[in-house]
Every structure is written in structure tokens, then in C-alpha cells.
Amino acid sequence: MKVVIIGASYAGIAAALEVRKKQPDAEIVLLEKQATLGYIPNGLHLYWGNEINDLNAAYFIKKEQLEKQHVQYCLEAAVEKMNTVNKTVIYLWHGQEKMTTYDKLIIATGSSQLSQKISGSGGESVLKYKRHSEAVTALTKMEMSQSVTIIGAGQVGVEAAYLLSKQQKQVTLIESMDYVLFKYFDKDMIFPVQEKMIEAGIDMQLNQTVSAIKAEADLPVTVQFGNETVVSDTVILGVNVRPNLSFLDEHIQLHMDRTIAVDRYMRTSVEGVFAVGDCIQLNVGEGNETEYIPLVNNAVRTGIVAAANLIKPKTAFVGSLRTIGTFLFGYYIASTGMTEAESVFSGRKVKAYHQEVRLTSLPDADTVTIKWVYDATSHVLLGAQLISTSNILEKINTLALAIQTNQTLEDLQQKEYFFHPSFSQLISATNFISWQEVRDDGNEN
């Protein structure tokens, strides 16, 4: 069996390695249009954060590891079209048109930053750095810039604002919503971070929609929003990540947003063709609702699921909870599942509680603030958000697992954790605590 995988980022490589486990005799071919494979999309943030010394260190896998698994790869192979009837893929390689056949095809082409609503967003002065070559260009440009405008206050935009403000850059952040990171946090939980951003000198332009970017080579860039404009040395586009799927044939069914429609087994509308990662919408939890959620953890998991179902459907994707965690402006923040703000669209009665818990039993211990979002009738946990000045990021994984396994608040009160006074509290932070003195019920309604 010959398995062709288009795209060699997280989803494609996860699929390739899992196919090798499941199908030891399969011929596996990765087609990647970039000159490198396995680049970490936020490698530039790792560099700015002094976590790596060189962008060439921002790779999560080496070629030798793929070769050891007998996974073939072809770099600088830009897929131009496919034929799902003849089971062929046409790609351009070093100026020559090549063709390969397949028995099974996995589409894992990832996504790129692009906006069809903002004129000028495709210009060279608008920095995008998901790929290694883009990051190299962005690094050089940013080192020569004193001011930057960031469009979009999602995770990429706010992380960039944090790292660039530490370099004493003059940062303007433009967001169409009325607070940052709205997909993952409620306004009350992210407010402390937002205050720190203002203290750090970030020019916050909330409730603003960018309409145009005007730039000429080596000149300042003008960003227009409403009747206002801001001029800076450069612009970062941190919104509208979308897949580029112009090579698909007419038999592959798409959603309205041009992502590929798949079932929970990652199967497309064509037998033997699968799609994963940033190319698709995902189920949110166990329901039938789907969303576009381009996160690395989703890319890896969908790649593994597709590989498991190549021959016949065996393993269904369990859904995404949009679990994230990061460090910004002095706070560790993490989120999983439903926010209170979006619960109004869920069709169920939802309640929320805050609790602040000391992280150890020592008198000067730091605290974590947790927001619990749960079903008002069954008390099943639906979402959780954490914020602390200590590193509590790993705790969000416990809460994500609790949501995936339909744990109630009462279940969480009795979850067993180790106790040591130097490292833990009498009751763990992720035990839901009913004691009134440690819980703020003011937000119950």
C-alpha cells in the first residue's frame, strides 16, 4: 500500500509516523512545498523569548528520524492538482512537473495567514512567520523596526505583543472584539493580563476592525481602522489563518469557509482520501457542532486518527476542547472547554464559579484563580480557565481530561492527588472546593 501525505508539519508527520506503526510494509511519501520539514510555527517567538539561539533550532523532528522509520520525503514539492478518480497527485518540483500515484491520500497542508477582508494584507511589508523562510525575513525586518502594529489579539498576536514590548518596541495591538483572547477566556479572567499590557505601554485598540494596510517598500506602513489610522515601521498579521487548498478536485466536499469536510474518522467525501490538521473543521467535544480550531494539539491528534482509519474506520476523533496554555505579561494563563460568554449559544443552562486556591500549604504560597463553567442541572464540568503568577499550566490538562470524561463538580471534589506541604495544598487546586471562604459566588448568575 502506498500512502501519500501532502504537508510535513505537525499533522502530516504525526500521520506518517502513525501509519508506519500501523502499516509496517506501507510505502509512505511526504510531499512538502517548503525547503524544510518539521518547523515549529511559532519558532520566532521561541527566539524572541531567548528559548533558542537560532531559528534553525526551531524544528520538532529531524530528517534522520523520518529516514529511520523509512518515511520518504520530497521537499520543495508544490502540489498543483489532484485526481481522485485516477488516484494521482501532480506537483511542481524544481521547475519540473511530477506525478505520483497513491492508494491512500492524507491532506495535511496546514494553513497560512491571509485576510480577504483587509486590502493590502498580502503585501511584503505585512509580516507572517509560520514558516521558516517567513520567520527569517520577519526577524531581519523586525530588528530594523522600532514600532510595530499587530492585527489580532489572539494567542499569536498577544504573545508577539509581549515579546516585542520586552524589546522596547512601540507596539499597537488592534482587535475587533472588546478584549483580548476572547476565544479562550472570559473578560473577567483575562482582565489582569490586559491591565499589565497597558502598563507595559501597549497601545490597545479594541473594538476596531482593520480595513486596509497601505505600504511601499522600505517606507512606514499605514493601517486603517474605522476613521483612524496608525503608522508604524512594520505590521504583523495575527488573524485569519486559513488553509490553501486550491489543488483539490471537485469531488472533495468543502465547508462554506473552504475547509475540507470530514467525519470523525477524518474521511473526506472521497473514499481513501483523508484530511487533517488546519485543513478541516473539528467537532467541539462530543457534539455534532464543528468549528475551525487551528491548534497544534488538534493537528497531531487528527493525524494519528487518520492513520488509524486508513483501512477501515476504527478510531473516532473525540473532539476538541481548544485547550491552550501560555505565559504573558507576568501571568501563566490556561483554558479548556466552554467559556461562560459562549455558553449562551449552547442551549443549556450554565453556571460559573470562581475560586482562588493557594498552591502549597506554606504561608507565602502563591495562588491560582480558577473559573469553573458547568451545567447548572447535572453539574458536569464544561470549561475551566486558570490564571496565576506561578506556573500552573499543567493543571489545565487534568481539567481537560475531566471534561472529556464528563466529570461533575462532585466528582472533582473527590479526585485523589498526592499531598506534600511544600508542593501542594491540603486540597488540590483542581479539586472543586465547596467551602464558601475560598469561593467567590458573586458570579453565580
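These numbers were taken from a predicted model, which means no experiment stands behind them.

A.B. asks: Hey, could you go over the nonpolar core for me, with residue numbers and the actual values?
C.D. replies: Membership of the largest hydrophobic core comes to 98 residues, with the highest contact counts inside it found for I107, I236 and I260. With residues near it in sequence (within four places) discarded, I236 still touches W48, L127, Y129, M142, V148, T149, I150, I151, A160 and L164.

A.B. asks: Explain unusual backbone geometry residue by residue, including any values.
C.D. replies: Although it is not a glycine, M266 sits at a positive phi angle of roughly 70 degrees. Here M266 is to be found in the loop between β17 (241–242) and β18 (273–275). Positive phi is not limited to glycine here, since F329 has a value of about 50 degrees. For F329, the position within the fold is in the loop between β21 (324–328) and β22 (331–337).

A.B. asks: Can you lay out the pattern of salt bridges for me, pointing to particular residues and giving the numbers?
C.D. replies: Taken as a whole, this structure holds 11 salt bridges when the rule is applied. Between K196 and E199 there is a salt bridge, with its nearest N and O atoms 3.8 Å apart. A residue pair is termed a helical-turn pair when its members lie 3 or 4 positions apart in one helix, as K196 and E199 do in helix α6 (residues 187–199) at 3 residues. The class for K196 is partly exposed, based on a relative accessible area of 34%. You can call E199 exposed: its relative accessible area is 61%. The closest approach of N and O atoms between E291 and R322, which form a salt bridge, is 3.6 Å. Here E291 is found in strand β20 (residues 290–291), whereas its partner R322 is found in the loop between α7 (296–308) and β21, with 31 residues between them in sequence. Within this structure, D186, D188, E340 and K371 form a network of salt bridges that share partners.

Quick notes on the rules
- Residues numbered from 1 in each chain as written.
- Predicted model: local features only at pLDDT ≥ 70, side-chain atom pairs only at ≥ 80, totals over all residues.
- Heavy atoms only, no water.
- Core = buried A, V, L, I, M, F, W, Y, C linked by side-chain atoms within 4.5 Å.
- Buried < 20%, exposed > 50% of the residue type's maximum accessible area, 1.4 Å probe, protein only.
- Contact = heavy atoms within 4.5 Å.
- Helix = DSSP H or I, 4+ residues; strand = E, 2+ residues; numbered from the N terminus.
- Salt bridge = Lys/Arg side-chain N within 4 Å of Asp/Glu carboxyl O.

Keep in mind these numbers describe shape, not what the thing actually does.
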